[in-house]
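What follows is the residue order along each chain.
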Amino acid sequence: ATCPTSGVARSFIDSVGIDDASGGASAAQRLVETVGPDGLVIVAGPRGDKRSEERVRGFRSVTEPARTLHAHGWGAEDGAMVAPAALGAGVRGVFCCNDRLAEAVILSAERSGRAIPKLIGFDDAPVAARLGITTLAIPWDALVGEAVDVTRERL
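Now for a description of the structure that goes with this document. Going along each chain's sequence as written, the residues are numbered from 1 onward. At least 70 in pLDDT is required for a residue's local features to be given in this predicted model, at least 80 for side-chain atom pairs to be given and counted, and no such filter applies to totals for whole chains, interfaces and linings, which use all residues. The basis for every side-chain value is the complete set of heavy atoms in the structure, and neither hydrogens nor water enter the calculation.

## Remarks on helix 5 (residues 99-112)
In an α-helix, one turn spans 3.6 residues; hence positions three or four apart end up facing the same way.
Turning to step 1, where the next piece is worked out: Look at helix 5: 20 Å from first C-alpha to last across 14 residues, which is about the 20 Å you get at 1.5 Å a residue.
Turning to step 2, where the next piece is worked out: For every residue, the accessible area (1.4 Å probe, protein chains only) is compared with the maximum for its type, and the residue is labelled buried under 20%, exposed over 50%, or partly exposed between those bounds. Counting from the N terminus, the helices are the DSSP runs of H or I reaching at least four residues and the strands are the DSSP runs of E reaching at least two. Those residues of helix 5 not exposed but buried are Asp99, Leu101, Ala102, Glu103, Ala104, Val105, Ile106, Ser108 and Ala109.
Turning to step 3, where the next piece is worked out: For this analysis, a polar contact is any N or O atom pair within 3.5 Å, provided that within protein one partner can donate a hydrogen and the other can accept it, and provided that sequence-adjacent residues contribute only side-chain to side-chain pairs. Its side-chain oxygen 3.1 Å from the backbone nitrogen of arginine 100, asparagine 98 forms the N-cap of helix 5. Each helix should span, by expectation, one fewer than its residue count multiplied by 1.5 Å.

Right, dumping it as structure tokens:
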């Protein structure tokens, strides 16, 4: 089925979502405030993944010069493949499009004896608390509450 793009029919399609672009922009603002606009790297999720693309787009709306490295998936094992490149010379700040990718960057830094640059993750997954990293939280309780409210209204 196709989704109507506008008009009255659109009012019968409900959704609750995350503003990934705004999250990416928030991460960029924080890193630029902390370390400046130079030496920034984005560790993104898979190419073609809408969430990752939106987070990268939001980040780049604030500061364009960041290099983007794409992991093949969202797990720490996927991030491990690109993490060494995210820790290259001159890197001062890293935005990871999720917290498991951030975990991979931290583990890579620890294994190689490199300093961990200023790092921001996304999702506020339990691993973020365990590692003590800065992360952009998805307000899961509010998101679920909104979805329940919309469902109840429709029923």
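Now that the structure has been shown, the text picks up again.
## Let's talk about the pattern of salt bridges
Turning to step 1, where the next piece is worked out: The term salt bridge refers to a side-chain nitrogen of Lys or Arg lying within 4 Å of a carboxyl oxygen of Asp or Glu. In the structure shown here, the tally under the stated rule is 8 salt bridges.
Turning to step 2, where the next piece is worked out: Two residues, aspartate 20 and arginine 55, come together in a salt bridge whose shortest N-O distance is 2.8 Å. Note that aspartate 20 is positioned in helix 1 (residues 20-35) and arginine 55 in helix 2 (residues 50-62), a separation of 35 residues in sequence.
Turning to step 3, where the next piece is worked out: Given the relative accessible area of 10%, aspartate 20 is considered buried.
Turning to step 4, where the next piece is worked out: Residue arginine 55 is classed as buried on the basis of its relative accessible area, which comes to 4%.
Turning to step 5, where the next piece is worked out: Put simply, arginine 30 and glutamate 33 hold a salt bridge, and the shortest N to O gap is 3.4 Å. Here glutamate 33 and arginine 30 lie together in helix 1, a separation of 3 residues that amounts to about one turn.
Turning to step 6, where the next piece is worked out: Judged by its relative accessible area of 42%, arginine 30 is partly exposed.

## Quick notes on the environment of serine 52
Turning to step 1, where the next piece is worked out: Considering the arrangement of structural elements, one finds serine 52 in helix 2.
Turning to step 2, where the next piece is worked out: Separated by 32 residues in sequence, serine 52 and aspartate 20 place their C-alpha atoms 7.9 Å apart.
Turning to step 3, where the next piece is worked out: Excluding residues that lie within four positions of it along the chain, serine 52 makes contacts with Ala44, Gly45, Pro46, Trp74 and Cys97.
Turning to step 4, where the next piece is worked out: Only 2.9 Å separates the side chain of serine 52 from the backbone nitrogen of glycine 45, close enough to count as a polar contact. Working rule for contacts: check all heavy atoms of both residues, and any pair within 4.5 Å makes them a contact.

## Remarks on the side chain of aspartate 99
Turning to step 1, where the next piece is worked out: In this fold, aspartate 99 is placed in helix 5.
Turning to step 2, where the next piece is worked out: All tallies of charge rest on Lys and Arg as positive and Asp and Glu as negative; His and the ends of each chain are not included. Buried aspartate 99, no salt bridge; nearest opposite-charge side chain is arginine 100, N-O distance 5.0 Å.
Turning to step 3, where the next piece is worked out: At 2.7 Å, the side chain of aspartate 99 and the backbone nitrogen of alanine 125 are in polar contact.
Turning to step 4, where the next piece is worked out: Those residues in contact with aspartate 99, other than ones at most four positions away along the chain, are Gly121, Phe122, Asp123, Asp124, Ala125, Val127, Ala128, Ile133 and Thr135.

## Comments concerning the packing of aromatic side chains
Turning to step 1, where the next piece is worked out: Paired rings are identified among Phe, Tyr and Trp, the last through its six-membered ring, by centres lying within 6.5 Å, and are further divided according to the angle between planes into stacked (under 30 degrees), edge-to-face (over 60) and tilted (the rest). The final tally for this structure, using the stated rule, is 1 aromatic pair.
Turning to step 2, where the next piece is worked out: Measuring from ring centre to ring centre gives 5.4 Å for phenylalanine 59 and phenylalanine 95, while their planes differ by 5°; the resulting arrangement is stacked. Of this pair, phenylalanine 59 sits in helix 2 while phenylalanine 95 sits in strand 3 (residues 93-96), and the two are 36 residues apart along the sequence.
Turning to step 3, where the next piece is worked out: The class for phenylalanine 59 is buried, based on a relative accessible area of 0%.
Turning to step 4, where the next piece is worked out: Charge over a ring is defined by NZ of Lys or CZ of Arg lying within 6 Å of the ring centre and within 35 degrees of the ring normal. When the ring centre of phenylalanine 122 is taken as origin, the NZ or CZ atom of arginine 55, which lies over that ring, is 3.7 Å away.

Such coordinate-based values are descriptive only and should not be taken to indicate function.
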